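Descriptive structure summary
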Number of protein chains: 8
Amino acid sequence: MIAIVMGSASDYEVMAESTQVLDEFGVFYEVMVTSAHRSPARTLQFVRSVERKGIRAVIVGAGGAAHLAGVVAAHTVIPVIGVPIDSSSLKGLDSLLSTVQMPSGVPVATVAIGKAGAVNAAILAVEILALNDKALARKLREYRKGLAKKVERSDSTLKEARKRPEIRKGS
Amino acid sequence: MIAIVMGSASDYEVMAESTQVLDEFGVFYEVMVTSAHRSPARTLQFVRSVERKGIRAVIVGAGGAAHLAGVVAAHTVIPVIGVPIDSSSLKGLDSLLSTVQMPSGVPVATVAIGKAGAVNAAILAVEILALNDKALARKLREYRKGLAKKVERSDSTLKEARKRPEIRKGS
Amino acid sequence: MIAIVMGSASDYEVMAESTQVLDEFGVFYEVMVTSAHRSPARTLQFVRSVERKGIRAVIVGAGGAAHLAGVVAAHTVIPVIGVPIDSSSLKGLDSLLSTVQMPSGVPVATVAIGKAGAVNAAILAVEILALNDKALARKLREYRKGLAKKVERSDSTLKEARKRPEIRKGS
Amino acid sequence: MIAIVMGSASDYEVMAESTQVLDEFGVFYEVMVTSAHRSPARTLQFVRSVERKGIRAVIVGAGGAAHLAGVVAAHTVIPVIGVPIDSSSLKGLDSLLSTVQMPSGVPVATVAIGKAGAVNAAILAVEILALNDKALARKLREYRKGLAKKVERSDSTLKEARKRPEIRKGS
Amino acid sequence: MIAIVMGSASDYEVMAESTQVLDEFGVFYEVMVTSAHRSPARTLQFVRSVERKGIRAVIVGAGGAAHLAGVVAAHTVIPVIGVPIDSSSLKGLDSLLSTVQMPSGVPVATVAIGKAGAVNAAILAVEILALNDKALARKLREYRKGLAKKVERSDSTLKEARKRPEIRKGS
Amino acid sequence: MIAIVMGSASDYEVMAESTQVLDEFGVFYEVMVTSAHRSPARTLQFVRSVERKGIRAVIVGAGGAAHLAGVVAAHTVIPVIGVPIDSSSLKGLDSLLSTVQMPSGVPVATVAIGKAGAVNAAILAVEILALNDKALARKLREYRKGLAKKVERSDSTLKEARKRPEIRKGS
Amino acid sequence: MIAIVMGSASDYEVMAESTQVLDEFGVFYEVMVTSAHRSPARTLQFVRSVERKGIRAVIVGAGGAAHLAGVVAAHTVIPVIGVPIDSSSLKGLDSLLSTVQMPSGVPVATVAIGKAGAVNAAILAVEILALNDKALARKLREYRKGLAKKVERSDSTLKEARKRPEIRKGS
Amino acid sequence: MIAIVMGSASDYEVMAESTQVLDEFGVFYEVMVTSAHRSPARTLQFVRSVERKGIRAVIVGAGGAAHLAGVVAAHTVIPVIGVPIDSSSLKGLDSLLSTVQMPSGVPVATVAIGKAGAVNAAILAVEILALNDKALARKLREYRKGLAKKVERSDSTLKEARKRPEIRKGS
């Protein structure tokens, strides 16, 4: 069981990537909107329930002064994965630094800014679960092979397309 | 009554500037070390006591993924003033962005990185108190005049010094 | 009484957020366009009138080399709140640094870049007024509860929406 | 079993923090110096042995164009934790971005730049192991309590010290 | 013979610029999509074939944590030219630093971010080949003269256009 | 006589602002497209003609690795004014640093990135000419008054508009 | 007559470079310490005297939220030259952006951060004066020749030194 | 024959790394100090001699607004390799962007900031020469093996040292 938490419903556009990866791997999860700053009581209530519910990793998406992952990490000893969301004018640099620069003792496993990060947060959660689930580990290896195949296919497609002059020009 | 809170005792080297300004203005304050991430329960206990104790502004110093000011701001409606502390290799850019980029609805009044910020956090707190304390407002105006006089004096000193050739060369 | 000052009429798109918050809280304010650099005499005239008019906080929005908040702060001892506006190609990093990095002795209470900052500048002003106005303090607590409820509602809406497959995909 | 890998022996000054945390938790680990760019064959040989050896998380420290964590992540489906090391003139911004901005499908769990990151990489590894090791989970909770107690103690020490005037001045 | 490698088919929009320059100079090349992280085996297979195939320079385009050029450089002693691609929210700063900040001993010849870089990567490859190919060197000098002429022509066009008032206004 | 030089005809969209200001002040100028890197001979020819032609300031607009202003400055002792143009993915940060960070002995008077900079480059040139041209100095003072009046007018317009509710909301 | 103004006496370490250049060229100047924020009245008094005193360019050094050059520029139509001083933890990036990003209509001629900038501010001032002073123009050309000769001499010295093995190693 | 050019004799501390690598590979080179801005005539004279002298690659080190590599590249069609030098307060970010962001048509092969870059510039030059020199190609492969061996040795040394407790602690 994984939890996917985000600071605002508008972050779902990015965090839906995490849900799709977990769906693909058949991993259960719950989705929650709660804000470190605007609904702190609700956030606390959530973080206190995390271990009791048997959640094994929390994926947290947040933008700006992105404190939500840190708040969750401060209250639990299960892995917390932070997805910096590019929702301010600083293009996610603020979210990245607010998420990754945690003080000694309380880690947040930070992934890339935006959608690539939301995908990778879910993969990382699956990697953690797969340490004790051989079937899941096998699926992960299949997924990786799938990535490699997709690269191969896009290589073939490009080579094919380059035979047509208008594609050759790259636009 | 003002509270001065910092995430780590090592931040006191910077935050002592706030205490000195408040001492100078005769404003009472308490000093506290508590971490958003390493002592979250203690931090919550503190933020819940703030309004009851009659604290009228909280000055918060923190470095790195500086969440402490935001945590305090999330739990109280009195003004929270954030001092970004330059304690990581990114020279306070991380602390600044983590402190200032708060989401809509929960402000942190952010001042400059480091010692100038710690001084200014205290001045800002005094400015807030002075809105309802004419004696304090008068002291603030005196303080400002003092700043201007110090500039004038340093101007005279420099002009005097420039008459001696070794100073003239600037080193 | 609050003043909302901005360097250019085009900043009103952002600063209107401040006016709406103050309207919501029933706090009186005046709105003014004046530039630190293009209308310095007018700006001085304004800053000199601030204390006489009984203004208790000045909210200042400015972009680029955003000096307006600093100019106001240099001439008054009431709290000055700076909103960095993202109007140059550097995406507000210039406005943020020009607003927040004030020298020791003359603070500007800086909030987030752009609209979130304009909302928060007004909330901060209300927080300052509420220190001596219990009704306003009560409204602030209601406002905060409203923020938390909005988060809850957006959580419910998202959970509801996720039952429909096209939303589940996040776009 | 954890592996701690670093791109250069000079990174050990930082990465020793990871070894100390694992020693403290009684978690076995191996330490290895291998470079993504200067010893690629050796790096490959290592990454291919990871799963066979039963390693359950790889902690990777690297500076500059920090590719080592990404290379390890590309060849294994166990969690890879990246510690950006501040060894170039850009103060770790290069290492952070090179480590965290991984493409969709291949995550690196990135922690803070430098020593705080090296500590947190080890804590994160312990958190992952603790999901299936109750004794370790208990130790993690004790460790967290220890962090909180250390904060409390440093608070007391500061309050005590502030009674002496020379400390009060912050230097 | 030049190889043009890119981490994703979507990079072709940028890297097509390299192919057009090489076409213009009549230099043979192969185009390949392979990812350092998603298809590492394929990437290794490619880099091991480079010298055997008689490839004399490898042009590599990649975005985000752009490791592909470094991986190629780690396995060969022929010149590797890196084109940082602006495909993340950080606008290519991440790709630039990941590509250029290589450790001592394993260079990547890095060019500008995006299309200008893709053009220049190809020109640089031609410059390298031209060291031992007088016809190519002559073509390069012609190309440079062409650049200068294009500048002159655009100068004339602008001067001509400025005689019409609507152009004079610059939009 | 002023010269306005730009590295590429596409920079004219920005640099037209300089021409309009000079037109407004009745100052003669020539416009030229020449590139430091693509037409170096032409650029040299131009810079060598500058003093002979009686040009009294050169305004230079360039983007990316913006060397053109520096090249002009290296060959003449009349004032060179640099306008960093935002034409790369780094949003003008590269152009700004390439223009302003000149070595000791060879200044480039750098103004803001983009159109505001192009306006200001022309104003700066007029200010320099006005030191020995009282009529021009009078016009500059009128221009400044005009700026202040425009601020006042936009203030009135905003105040008027705010009486209508749809404007009040800022969009 | 040139004025050299700085925001704090501690800036003199940098700004002494400007005085030395002007001494070298035999150009008269006055030196003044005055702060935009801490002594605004004094600053205004100064800027209002500038034109009356016959000052022909004002060189302004300031750090942090460096508004002083902008304040001077707002009140006069003679050229204002800004030297960003590296006195905060952000290494002068804040001073540079605060100085250079002036709004349309009010230019500050910005030079490099720190000592190179202080030298260049003075050279720029001399260049402006030299437009109407042939003797000064001649001196400037001599100065430039001197720079070139110094480069030549340092080239010879290096070549000589490289004959000794310990220098050859670069330390 | 390689040329190593630098903008200032003080850059030799960094650029000596290039000379040492070339010495090690037995590649002839000349060393020259010349500045794009302070000795432009001398620089031009040099760049015009490059092709005639049979130089096959120019390594250029420069700091700040680092134009020297671009100036050389503008006048020759042989490969130009740029080493950004960290000599300003911006820590080489200015030199990197000034060197790498060249316009379409005129490449500079940019390597890492500082000493690692100076080493790599020389290696890159050797790689270019080695395309037509089998002995040199063999030496390059030996050099790479040497790098890998050094990594292995430092791994052994670290493992050995870790047996002693004081080293184990990382300092």
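Residues numbered from 1 in each chain as written. Chains lettered and ligands numbered in written order. Predicted model: local features only at pLDDT ≥ 70, side-chain atom pairs only at ≥ 80, totals over all residues. Heavy atoms only, no water.

**Notes on the overall build of chain A**
Rules: The helix and strand labels rest on DSSP assignments: H or I over at least four residues marks a helix, E over at least two residues marks a strand, and numbering proceeds from the N terminus. For every residue, the accessible area obtained with a 1.4 Å probe (protein chains only) is divided by the maximum for its type, and the residue is called buried under 20%, exposed over 50%, and partly exposed between those limits.
Within chain A, the secondary structure is distributed over 7 helices and 5 strands. Starting at the N terminus and ending at the C terminus, chain A contains elements arranged as β-α-β-α-β-α-β-α-β-α-α-α. Dimensions along the principal axes, computed over C-alpha positions, put chain A at roughly 60 × 45 × 30 Å. Out of the 171 residues in chain A, the part that is buried amounts to 67%.

**Comments concerning the pairing of strand 1 (residues 2-6) of chain B**
Residue and element names in this part refer to chain B. This is how it is decided: Two strands are counted as paired when DSSP detects at least two bridges linking them. With its strands directed away from the observer, a crossover is right-handed exactly when the path from the first strand over the helix to the second travels clockwise.
The element strand 1 is extensively covered by neighbouring structure, given that 5 of its 5 residues are classed as buried. Neither face of strand 1 is left uncovered, since the one carrying Ile 2, Ile 4 and Met 6 and the one carrying Ala 3 and Val 5 both have all their residues buried. Pairing geometry for strand 1 and strand 2 (residues 29-33), over 5 bridges, is parallel. Each residue of the ladder has a partner; that of Ile 4, found in strand 2, is Val 31. Once you follow strand 1 into helix 1 (residues 12-25) and on to strand 2, the crossover reads as right-handed.

**A closer look at empty space enclosed by the protein**
Empty pockets left among the atoms are what a rolling probe the size of a water molecule brings to light. What counts here: Buriedness for pockets is judged along seven lines, at least five of which must meet protein on both sides within 12 Å for an open set on the 1 Å grid over protein atoms alone, while cavities are sets there where a 1.4 Å probe fits but cannot get out, and lining residues have an atom within 4 Å of a point. Grid points are joined across faces, edges and corners, and a volume is the space filled by probe spheres set on the points. Note on residue classes: Ala, Val, Leu, Ile, Met, Phe, Trp, Tyr, Cys and Pro are nonpolar, Asp, Glu, Lys and Arg are charged, and everything else, Gly too, is polar.
In the structure shown here, the tally under the stated rule is 8 cavities of 30 Å³ or more. When its volume is computed, the largest cavity comes out at roughly 1,100 Å³. Lining the largest cavity are 38 residues, and of these Leu 93 of chain B, Leu 93 of chain D, Leu 93 of chain E, Leu 93 of chain G together with Leu 93 of chain H lie nearest its centre. Of the residues in the lining of the largest cavity, the class split is 22 nonpolar, 8 polar and 8 charged.

**Description of the relation of the copies chain E and chain F**
Note the threshold: Our superposition of the copies is a least-squares fit, built on the C-alpha atoms of residues whose pLDDT is at least 70 in both.
Overlaying chain E with chain F gives an RMSD of 0.0 Å, the required rotation being 90 degrees about an axis along which the chain moves by 0.0 Å. The transformation relating the two chain copies, once decomposed into turn and shift, fits a four-fold axis.

**Side note on the interface of chain A and chain D**
For clarity, the cut-off: Only heavy atoms matter for contacts: two residues are in contact if any of them lie within 4.5 Å across the pair. Once two parts are put together, the accessible area they lose, assessed with a 1.4 Å probe and summed over both, is termed the buried area. Whenever a carboxyl oxygen of Asp or Glu lies within 4 Å of a side-chain nitrogen of Lys or Arg, that contact is scored as a salt bridge.
In this complex, chain A contributes 41 residues to the contact, which on the side of chain D involves 41 residues. A combined buried area of about 3,300 Å² lies between chain A and chain D, and 59% of that area is made up of carbon and sulfur atoms. Counting across the interface, chain A meets chain D through 2 salt bridges. Glu 51 of chain A is paired through a salt bridge with Arg 141 of chain D; the nearest N and O atoms lie 3.2 Å apart. Contributions of two or more residues to the side of chain A that touches chain D are made by helix 3 (68-74), helix 4 (93-100), strand 5 (109-110), helix 5 (115-130) and helix 6 (134-161) of chain A.

**A short note on the relation of the copies chain A and chain D**
Rotating chain A by 180 degrees about the axis while translating it 0.0 Å along that axis superimposes it on chain D, leaving an RMSD of 0.0 Å. The superposition of one copy onto the other is thereby described by a two-fold rotation axis. A high fraction, 100%, of the interface residues of chain A reappear at the interface in chain D, so the copies pair face to face through one surface.

**Observations concerning helix 1 of chain B**
Residue and element names in this part refer to chain B. Inclusion rule: Working rule for helices: expected span equals 1.5 Å times residues minus one.
The end-to-end C-alpha distance of helix 1 is 19 Å, a good match for the 20 Å that 14 residues give at a rise of 1.5 Å each. If you check which residues of helix 1 are buried, you get Tyr 12, Val 14, Met 15, Ala 16, Ser 18, Thr 19, Val 21, Leu 22 and Phe 25. Taken from the residues just after helix 1, Gly 26 is the one with a positive phi, measuring 65 degrees.

**Digging into the interface of chain E and chain F**
You'll often see interface size given as the accessible area lost when the parts meet. Keep this limit in mind: Each polar contact in these results corresponds to two N or O atoms within 3.5 Å; when the atoms are within protein, one needs to be able to donate a hydrogen and the other to accept it, and residues that are neighboring in sequence are counted only if both atoms are side-chain atoms.
On the chain F side, the residues contacting the 18 residues of chain E number 19 residues. Summed over both partners, the interface of chain E with chain F comes to about 1,600 Å²; 60% of that surface belongs to carbon and sulfur atoms. At the boundary of chain E with chain F, the tally comes to 1 salt bridge. The partner of Arg 42 of chain F in a salt bridge is Asp 155 of chain E, and the shortest N-O contact between them spans 2.8 Å. On inspection of chain E and its partner chain F, the count reaches 6 residue pairs in polar contact (both at pLDDT 80 or more). Mapped by element, the contributors of at least two residues to the side of chain E that touches chain F are helix 6 (134-161) and helix 7 (165-168) of chain E. Its residues assigned to classes, the side of chain E that touches chain F shows 7 nonpolar, 2 polar and 9 charged.

**Thoughts on unusual backbone geometry**
Its identity as a non-glycine residue notwithstanding, Lys 91 of chain B has a phi of 65 degrees, on the positive side. Looking at where Lys 91 of chain B falls in the secondary structure, it is placed in the loop between strand 4 (80-85) and helix 4 (93-100).

**What to know about the environment of Pro 107 of chain A**
Structurally, Pro 107 of chain A can be placed in the loop between helix 4 and strand 5. Note: C-alpha distance between Pro 107 of chain A and Arg 144 of chain A (37 residues apart in sequence) is 27 Å. Contact partners of Pro 107 of chain A, with chain neighbours within four places excluded, come to Ala 73 of chain A together with Asn 120, Ile 123, Leu 124, Glu 127 and Arg 144 of chain D.

**Remarks on the pattern of salt bridges**
Residue and element names in this part refer to chain E. Applying the stated criterion across every chain yields a total of 64 salt bridges over all chains. With a closest N to O distance of 3.2 Å, Lys 53 and Glu 30 form a salt bridge. Of this pair, Lys 53 sits in the loop between helix 2 (40-50) and strand 3 (57-63) while Glu 30 is found in strand 2 (residues 29-33), placing the two residues 23 residues apart along the sequence. Of the residues examined, Lys 53 reaches a relative accessible area of 40% and is grouped as partly exposed.

**Topic: the environment of Gly 117 of chain H**
All names here are of chain H. Residue position: Gly 117 is located in helix 5 (residues 115-130). Here Gly 117 falls in the buried class, since its relative accessible area comes to 0%. Placed 32 residues apart in sequence, Gly 117 and Ile 85 show a C-alpha to C-alpha distance of 8.6 Å. Those residues in contact with Gly 117, other than ones at most four positions away along the chain, are Val 83, Val 111 and Ala 112.

**Description of the packing of aromatic side chains**
All names here are of chain E. Note the threshold: Stacked, tilted and edge-to-face are the three classes assigned to paired rings of Phe, Tyr and Trp, where Trp is represented by its six-membered ring and a pair needs centres within 6.5 Å; plane angles under 30 degrees give stacked, over 60 edge-to-face, the rest tilted.
Throughout the structure, instances matching the rule amount to 8 aromatic pairs over all chains. With centroids separated by 5.3 Å and ring planes inclined at 55 degrees, the aromatic side chains of Phe 25 and Tyr 143 adopt a geometry described as tilted. Separated by 118 residues along the polypeptide, Phe 25 in helix 1 (residues 12-25) and Tyr 143 in helix 6 bring together distant segments of the chain. Residue classification places Phe 25 among the buried positions, given a relative accessible area of 3%. By relative accessible area, which is 15% here, Tyr 143 ends up buried.

**Comments concerning the side chain of Arg 162 of chain E**
This is how the line gets drawn: Only four residue types enter the tally: Lys and Arg on the positive side, Asp and Glu on the negative side; His and the chain ends are excluded.
Checked against the element boundaries, Arg 162 of chain E lands in the loop between helix 6 and helix 7. At 5.2 Å, Asp 23 of chain F is the nearest oppositely charged side chain to Arg 162 of chain E, a buried residue that forms no salt bridge. Engagement of the side chain of Arg 162 of chain E in a polar contact is seen with the side chain of Tyr 12 of chain F, the distance being 2.7 Å.

**A few points about the side chain of Ser 39 of chain H**
One can find Ser 39 of chain H in the loop between strand 2 (29-33) and helix 2 (40-50). Given the relative accessible area of 2%, Ser 39 of chain H is considered buried. Separated by 3.0 Å, the side chains of Ser 39 of chain H and Thr 34 of chain H make a polar contact. Excluding anything up to four places from it in sequence, Ser 39 of chain H contacts Ala 148 and Val 151 of chain G together with Thr 34 of chain H.

**Some details on the pairing of strand 1 (residues 2-6) of chain D**
Pairing of strand 1 of chain D with strand 3 (residues 57-63) of chain D, which is carried by 5 bridges, proceeds in the parallel orientation. Opposite Ile 2 of chain D, over in strand 3 of chain D, you have Ala 57 of chain D as the bridge partner.

**Brief notes about the confidence of the model for chain A**
Residues shown with low pLDDT carry predicted positions that ought not to be read at fine detail. We count it as follows: Confidence of the predictor in every single residue is expressed as pLDDT, which spans 0 to 100.
When the pLDDT values of chain A are averaged, the result is 95; 96% of them are 70 or greater. Reported for the predicted complex are a pTM of 0.97 and an ipTM of 0.96.

**Points about the packing of helix 5 (residues 115-130) of chain D against helix 6 (residues 134-161) of chain D**
Residues and elements named next belong to chain D. Note the cut-off: Only the stretch in contact is used when fitting a helix axis, every axis being a line fitted to C-alpha atoms; angles between N-to-C directions are given from 0 to 180 degrees. When the near helix sits turned anticlockwise from the far one by under a right angle, the crossing is termed left-handed; a clockwise turn instead gives a right-handed crossing.
Packing of helix 5 against helix 6 brings their axes to within 8 Å, and their N-to-C directions diverge by 140 degrees. In the crossing of helix 5 with helix 6, the sense of the turn from one axis to the other is left-handed. Across the interface between the two elements, Val 119, Ile 123, Val 126, Glu 127, Leu 129 and Ala 130 of helix 5 pack against Leu 136, Ala 137, Leu 140, Tyr 143 and Arg 144 of helix 6. Broken down by class, the residue content of the contact of helix 5 with helix 6 amounts to 9 nonpolar, no polar and 2 charged.

**Here we look at the environment of Val 58 of chain H**
Residues and elements named next belong to chain H. The residue Val 58 is located in strand 3 (residues 57-63) in this model. The class for Val 58 is buried, based on a relative accessible area of 0%. Once residues within four sequence positions are removed from consideration, Val 58 is found in contact with Ala 3, Val 5, Phe 46, Val 50, Val 72, Ile 78, Pro 79, Val 80 and Ile 81.

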